Amino acid sequence: MSADLLPPAFRDWFAGRGWSPRPHQLDLLRIAGAGRSALLVAPTGAGKTLAGFLPSLVALSGTKASQRKGLHTLYVSPLKALAVDIARNLEAPVTEMGLPVRVETRTGDTPAHKRTRQIARPPDILLTTPEQLALLIAHREASDLLANLRCVILDELHALVTSKRGDLLSLALARLHRLSPGLTAIGLSATVREPDELRRYLMPQAPLPPPSAGKGGPRVSEGRSGQSPAERGPTAPTEAAAFVKTAPVPEAGLPSPDPLRAPPSPAEGGGGGAGMADLVVVKGGAAPDLRMLESNRPLPLAGHTAHQSMPAIYELIRQHRTVLVFVNTRLQAEYTFQELWRLNDDVLPIALHHGSLDAQQRRRVEAAMAAGQLRAIVCTATLDLGIDWGDVDLVVNIGAPKGASRIMQRIGRANHRMDEPSKAYLVPANRFEILECRAALDAVEAAAQDTPDARTGALDVLAQHVLGMACADAFDPLQLYEEIVSAAPYTGLTWEDFEAVVDYVATGGYALRAYERFAKILRGPDGLWRVRDARTAQQYRMNIGTIVESAKVKVRLVRSVRAKPGTILPKTGRVLGEIEEDFAETLTVGDTFLFSGEVLRFEGLMEDEAMVTRAGPGTDPAIPSYAGSKFPLSTFLAARVRALIADPFEWDRLPKQVADYLVQQRSRSVLPGPRDLLVETYPRAKRYYLSAFPFEGRLAHQTLGMLLTRRLERASLRPLGFAANDYGLAVWMTRDISEAIAREPGFLAELFAQDMLGDDLEAWLAESAMMKRTFRQCAVIAGLIERRHPGQKKTGRQVTISTDLVYDVLRKHQPDHLLLRAARQDAATGLLDVRRLGMMLERIQGRIIHRALDRVSPLSVSVMLEIGREKVYGEGADEILAEAEAQLLEEALG
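All values reported here derive from a predicted model rather than from experimental measurement. (Residues numbered from 1 in each chain as written. Predicted model: local features only at pLDDT ≥ 70, side-chain atom pairs only at ≥ 80, totals over all residues. Heavy atoms only, no water.)

J.: Please give an account of helix α1 (residues 8-16) that cites residues and values.
T.: Within the span of α1, buried status applies to F10, W13 and F14. The buried residues of α1 all sit within an arc of 95 degrees when viewed along its axis, so they share a single face. Exposed residues on α1 whose side chains face more than 90 degrees from its buried face are P8, D12, A15 and G16. Immediately beyond the C-terminal end of α1, within one or two residues, lies G18, with a positive phi of roughly 75 degrees. (Buried < 20%, exposed > 50% of the residue type's maximum accessible area, 1.4 Å probe, protein only. Helix = DSSP H or I, 4+ residues; strand = E, 2+ residues; numbered from the N terminus. Arc of directions from axis to C-beta.)

J.: Tell me about the pattern of salt bridges, and please be specific about residues and values.
T.: Tallied over the full model, the rule gives 34 salt bridges. We note a salt bridge from R199 to D196, for which the minimum N-O separation is 3.0 Å. A residue pair is termed a helical-turn pair when its members lie 3 or 4 positions apart in one helix, as R199 and D196 do in helix α10 (residues 195-202) at 3 residues. Taking the relative accessible area as the measure of exposure, R199 reaches 16% and is therefore buried. (Salt bridge = Lys/Arg side-chain N within 4 Å of Asp/Glu carboxyl O.)

J.: I'd love a proper account of the sheet that holds strand β3 (residues 103-106), names of residues and values included.
T.: Within the open sheet, the 7 strands sit side by side as β3-β4-β2-β5-β6-β1-β7. Their pairing is parallel. The open sheet terminates on both sides in strands that have one partner only, identified here as β3 and β7 (278-281). Each neighbouring strand pair of the sheet contributes to a mean axis angle of 15 degrees, computed without reference to strand direction. As paired elements, β3 and strand β4 (residues 125-128) share 4 bridges and run parallel to each other. Paired with V103 across the two strands is I125, which belongs to β4. Lying on the sheet, helix α3 (residues 48-61) is in contact with β1 (38-41), β2 (73-76), β4, β5 (151-154) and β6 (184-189); it crosses β6 at an angle near 155 degrees. Together, β1, β5, β6 and β7 form the strand contacts of α10, whose direction differs from that of β1 by roughly 145 degrees. (Pairing = 2+ DSSP bridges. Axes fitted to C-alpha atoms, helices over the stretch in contact; angles between N-to-C directions. Contact = heavy atoms within 4.5 Å.)

J.: Tell me about the pairing of strand β13 (residues 423-427), residues and numbers included.
T.: Burial of β13 is extensive: 4 of the 5 residues sit out of reach of the surface. Here strand β8 (residues 289-292) pairs with β13 via 4 bridges, running parallel. Looking at β13, one finds that D289 is bridged to K423. Across 4 bridges, the pairing between strand β12 (residues 394-398) and β13 is parallel. The partner of I398 across the bridge, within β13, is V427.

J.: Just give me the short version of the environment of A500, but keep the residues and values in it.
T.: In this fold, A500 is placed in helix α20 (residues 495-507). On the accessibility criterion, A500 (0% relative accessible area) is buried.

J.: Let's hear about the nonpolar core: which residues, and what values?
T.: By size, the foremost hydrophobic cluster in this structure holds 125 residues, and its most contacted members are L74, L146, F752, F775 and L784. Among the elements that make up this core, the one with the highest residue count is helix α18 (residues 459-472) (9 residues). In this structure, F432, A440, L644 and L671 belong to the second largest nonpolar core, which totals 55 residues. (Core = buried A, V, L, I, M, F, W, Y, C linked by side-chain atoms within 4.5 Å.)

J.: Give me the sheet that holds strand β29 (residues 848-852): which residues, what numbers.
T.: As summarised here, the arrangement of the 5 strands in space is β25-β26-β24-β23-β29, forming an open sheet in which the pairing is mixed. A single partner strand is all that each edge strand has here, and the edge strands are β25 (719-724) and β29. Recorded for the sheet is a direction-independent mean angle of 15 degrees between the axes of neighbouring strands. By the bridge criterion, 5 bridges tie strand β24 (residues 687-693) to strand β26 (residues 729-733) in an arrangement that is antiparallel. Each bridged residue has a counterpart across the sheet, and for A692 the counterpart in β26 is L729.

J.: Tell me about the confidence of the model for the protein chain, and please be specific about residues and values.
T.: Mean pLDDT for the protein chain: 80, with 81% of residues reaching 70 or above. Per-residue pLDDT stays below 50 along residues 869-876; that stretch engages in 15 contacts with residues further than four places along the chain or on separate chains. (pLDDT = per-residue confidence, 0-100.)

What follows is the structure, encoded as structure tokens:
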């Protein structure tokens, strides 16, 4: 591809840096220049970001600033830090070539006055996040602001599309295509398993043919003048299968799509042709240098602190210029940072970065990292994506990576250049994580990917979007429906489900229609829907987004009065960040906890702030608990772990302590094949236990444990509880299950039968507190319960009480309510992992291996250690686990 596509100033700039434009950068320039959208799939360091911006920079360089009309290019990043980093990196070519281009960021940290100015006098290129984009398209001036938008760049697209944030972004993208005909969408992605799914995501899709009245669709007369859903009353709930697929529920008096109307053109938000963007794939690049950190000390069977490896990690930091130390949770980040500082005799500059820290502190850490002032940074997924720090020469990942694609993403942060190998170490925290790390190493060597399948758009997100569109301007329901189904996650949205969403936003649903506060949009005589009032629009803006975390309180470092011990000066110090409200409420004055890399003394709660001072030396701090869960073990990696365990010829590649452990298990019981399920039963301490090892991840195992206890209760075996980890689960009971299995040859097959996902699952959901939590999240996203109000903010307890009351009302009076359906779908794909559990139950049919033992087996020790674990973290927890493990292993091997 000839570099003649580049203007002279750009060719000179490349040459001045000793570079040549890469073929994929020129390919993207050619495709975008022809007005087509494209997906660029490339490994880290291939120059994806520059390739994405090159078409915009070239186009803007050829026009005078005075000739431009509004915003030219939107860049959307999943992380605020990434948007800020890209803006900083863009300044180099813009400044060095003297381009008349204004680049700005717009995130949640951007001051309000600057956001207002950006609407009135927009920059040429605006870098933002999905949430801020949703606010932009819901603005009254959105049509004028975005009418001349020529390009939208979606960075780290593979990470965005797997969640509800991706649903929200897809709806915003459909609106951008509507507002700006001819818009070019450029997706930037790491290597993915199914690039065609991302190609469709970038393009408007052709809508489904409208339902006819004879096939369950609404009749035109019903939609215009028939009964509304509120007048019709609720429909009968469907059977248990509704958990997977619920019957359509017409819920709004809307006009039916015109069967004679042609599908909209791409400019109108419809799909054209195959509805897929062009694809540019970058091949090659240096293979990563990925290793597992070997430990001379024996690793435990459970626990996640990796405290045995901290000295070795510190030594790696000493040996390298700049190291990123990744952990999987914020809790692990605080612990790891503190442990490294204890070992830091060289006083190396080591920093901490996670999402609960104050934004200004995060920015300072990022700036120091970019300036090369830090030797290491302990971080969570907040820095997983795209941050381009060329001086990072090593990545350390503490704990099992849980997925091949995730570890490839993290590895790429080291030596952010395509032609140099990224160097990284995996640091297992226990013996099972060694197996996971070995499987991940093999997957990376084979360049295997385990990115999830494409999502079906969530209805609670759609409800939020519908309200946003009403805030922007009055909308015609038919036009909005056609726009929505042009978004890839919503192509399968039926007219009936769309009616249900609009009716929910308009009335709250049949059971809530008597309460005016749930009516957020009103339909005028012209048939158009409008937001009810300015206050509703303000509440929408304050509650935008799909990330629902536990309620937080700010942590403020205050000064104490020396002359009066115990007296503090409130509101006097800086804010360090935020902790979970539930954790803060467990503290009493004088308690110490670890946060922001410091040991803090709790001085009291004042309004929405936790007042703290620095604790004296010699304290034993707690660590805040966080609502964010750990990553689940991917299906792909789980299959590799099962295969590794089942093949003794592979054990030579494992550390001796793990190989010996597997040999002990084989001698005391058995090891399952890749498709088998091992079930062990044994007595211990006047209780009877069942252990099962599906190797399908903690979420699926927790669901399986809940369902097994119901079935064991019906069998009169009196289960008392269960515990689960990523590899297996254990259920304990008061009656001997081995006898029941011996009496009834088909007992185990019936216990693990696939029909447990029917009535048992529905019955458990009906009484589960987990379902209420899932509903709570859907209710917040859909705007039923608003956490933030003008001038006030609900506490977590207030939100819980509100949503629990509504949940009980809806279950009783409208069991087919939109949000109950959304909550069931979320539970199936998220917290319950029902789909994965169903695949496992199908896999093991006829392949259950049972061993009746007289004592716990070595393999069962790992899951037994999960029983009764308190929220203790650090060396104290490690000591407790070590004592319990030693006792159990002595029993198993004695």
